[in-house]
Amino acid sequence: AGGVVLGKSADKLFSLSGLFAVYKPKGPTSAGVLNLLKERLLAEAGVQTNGNKRNQVLKIGHGGTLDSAAAGVLVVGIGKGTKMLRTMLAGSKKYTAIGLLGKATDTLDATGKVTEEKPYDQITKGDLENVLQKFTGDIMQVPPLYSALKKDGERLSTLMKRGEAVEAKPARPVRVYSLSLQQFQPPLFTLDVECGGGFYVRSLVSDIGKELSTCATMQELTRTKHGPFTLEEHALYEDKWTIDEIARSLEHCTSLLPGEPSHKKLKTEHPGETAVSCE
């Protein structure tokens, strides 16, 4: 860049390319996590970022937003890997969610204002398990009002916070591959969900509450898997956000992704599949 001599670590940083995964903690937005990651890497490489130029400096993006209150796997594309993120959006995802019976909030999660309270003591573990069957397979789901979905170019959540009237988006088809009850300690219940793209777990929790003639809100959400990336095996925690660790992770993760010439086997077995296959 314009006569700037970059050191070895900067050279290495700008040669990084592909997909890897980071752990997003509870609290920051997905975009915030990405900015922090970017700052860390540029600082380690000794690259001066004056003003807004850094956006052209390092190409980095994520493969699907996690709400601020949620934690877990966030897939990150770097260099040419940013072009592969679109396929990640449609890939299957796994979540562990904790729901709370008897309360509803405007955001459908613990960050919102309580809008309704109803008794829940009549609900048994059996009731919950029976209801889950209704939410498995190809179902219709109304996305939450507080969401990153847009109306006239603005996020619905932004419009809601400004106090503007927002109409619910129409129900849309979503896919639930599996749904199971892990724990039931009223008022709390823990679900494991595997779903396709565009699915909102907090809408699921809210809908389960309604189906049980009470109400429910999501207390906690952790994404445990996105496409082939799992929380246990692949997600880099903040202390591992270094150029070398990411380079190592990219090498390891390339083998997870079908479509490289070295993985011809995958191509022939599943000719009609998109980049991310669902187990």
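Per an unreviewed UniProt entry, the recorded name for the chain is Pseudouridylate synthase TRUB1, and the organism is Spizaetus tyrannus. The UniProt entry for the chain carries the following comment under Sequence similarities (unreviewed entry): "Belongs to the pseudouridine synthase TruB family."

Within the chain, the regular secondary structure consists of ten helices and 14 strands. Taken over 279 residues, the chain has a buried fraction of 42%. Taking as baseline every contact in the chain between residues at least 6 positions apart, the subset at least 24 positions apart corresponds to 69%. Summing over all exposed atoms, the chain offers an accessible surface of approximately 14700 Å²; the carbon and sulfur share of this is 51%.

A few words on the pattern of salt bridges. Tallied over the full model, the rule gives nine salt bridges. A salt bridge links Lys 12 to Asp 244; the shortest N-O distance between them is 2.8 Å. Of this pair, Lys 12 sits in helix α1 (residues 8–15) while Asp 244 sits in helix α9 (residues 243–254); the two residues are 232 residues apart in sequence, bridging distant segments of the chain. Given a relative accessible area of 33%, Lys 12 falls into the partly exposed group. The exposure class assigned to Asp 244 is partly exposed, which follows from its relative accessible area of 41%. Glu 154 is the salt-bridge partner of Arg 162, the closest N and O atoms lying 2.9 Å from each other. Through salt bridges that share partners, Glu 154, Arg 162 and Glu 164 make up one connected network.

Moving on, we come to the nonpolar core. If you look at the biggest cluster of nonpolar residues, it comprises 29 residues, and the most contacted ones within it are Phe 189, Leu 191, Val 193, Phe 199 and Ile 208. Of all elements in the fold, only β4 (93–101), α5 (125–132), β10 (172–185), β11 (188–195), α7 (201–211) and β12 (216–226) reach the threshold of two or more residues within this core. It is β10 that contributes the most residues to this core, five residues altogether. Discounting residues that sit within four places of it in the chain, Phe 199 has contacts with Ile 139, Gln 141, Val 174, Val 176, Val 193 and Leu 204. Formed by 23 residues, the second largest nonpolar core is a distinct cluster that contains Leu 13, Leu 16, Leu 42 and Leu 236.

Here the UniProt-annotated "domain: tRNA pseudouridylate synthase B C-terminal" (unreviewed entry) positions come out as residues 202–234. Taken end to end, residues 202–234 is 42% helix and 39% strand, and its two terminal C-alpha atoms sit 25 Å from one another.

With respect to the element layout, Ser 249 can be found in helix α9. C-alpha of Ser 249 to C-alpha of His 234: the two residues are 15 residues apart in sequence and 7.5 Å apart in space. Setting aside anything within four residues of it in sequence, one finds Ser 249 in contact with Phe 20, His 234 and Leu 236.

Spacing of three or four residues puts side chains on the same side of an α-helix, whose turn is 3.6 residues. The element α7 is largely enclosed, with a buried count of eight among its eleven residues. Residues of α7 that are buried: Val 201, Arg 202, Ser 203, Leu 204, Val 205, Ser 206, Ile 208 and Gly 209. The secondary structure elements touched by the buried residues of α7 are β4, α5, β7 (137–141), β10, β11 and β12. Directly beyond the C-terminal end of α7, a positive phi value near 60° is found at Ser 213.

Okay, the side chain of Thr 230 next. Structurally, Thr 230 is set in strand β13 (residues 229–230). Judged by its relative accessible area of 11%, Thr 230 is buried.

Following the criterion strictly, the structure yields one aromatic pair and no others. Plain terms: the ring middles of Tyr 23 and Tyr 237 are 4.4 Å apart, the flat faces sit at 20° to each other, and that makes the pair stacked. On the criterion of sequence distance, the pair formed by Tyr 23 in strand β1 (residues 18–24) and Tyr 237 in the loop between β14 (235–236) and α9 is long-range, its members being 214 residues apart. Tyr 23 gets classed as partly exposed once you look at its relative accessible area, which sits at 21%.

Let's shift gears to the packing of α1 against α9. Packing of α1 against α9 leaves a shortest axis separation of 10 Å and a crossing angle of 35°. Helix-helix and strand crossings are classified by hand; for α1 and α9 the assignment is left-handed. Contact residues: Ser 9, Lys 12 and Leu 13 in α1; Ile 243, Asp 244 and Ala 247 in α9. Each residue belonging to the contact of α1 with α9 can be placed in one class, and the counts come to three nonpolar, one polar and two charged.

Reading the values: rules and limits
Residues numbered from 1 in each chain as written. Predicted model: local features only at pLDDT ≥ 70, side-chain atom pairs only at ≥ 80, totals over all residues. Heavy atoms only, no water. UniProt positions renumbered as here; feature names shortened; annotations may be inferred. Helix = DSSP H or I, 4+ residues; strand = E, 2+ residues; numbered from the N terminus. Buried < 20%, exposed > 50% of the residue type's maximum accessible area, 1.4 Å probe, protein only. Contact = heavy atoms within 4.5 Å. Areas by Shrake-Rupley, 256 points an atom, 1.4 Å probe, with all protein chains shown as cover. Salt bridge = Lys/Arg side-chain N within 4 Å of Asp/Glu carboxyl O. Core = buried A, V, L, I, M, F, W, Y, C linked by side-chain atoms within 4.5 Å. Phe/Tyr/Trp six-rings, centres within 6.5 Å; stacked < 30°, edge-to-face > 60°. Axes fitted to C-alpha atoms, helices over the stretch in contact; angles between N-to-C directions. Left-handed = near helix turned anticlockwise from the far one by under 90°. Nonpolar A, V, L, I, M, F, W, Y, C, P; charged D, E, K, R; others polar.

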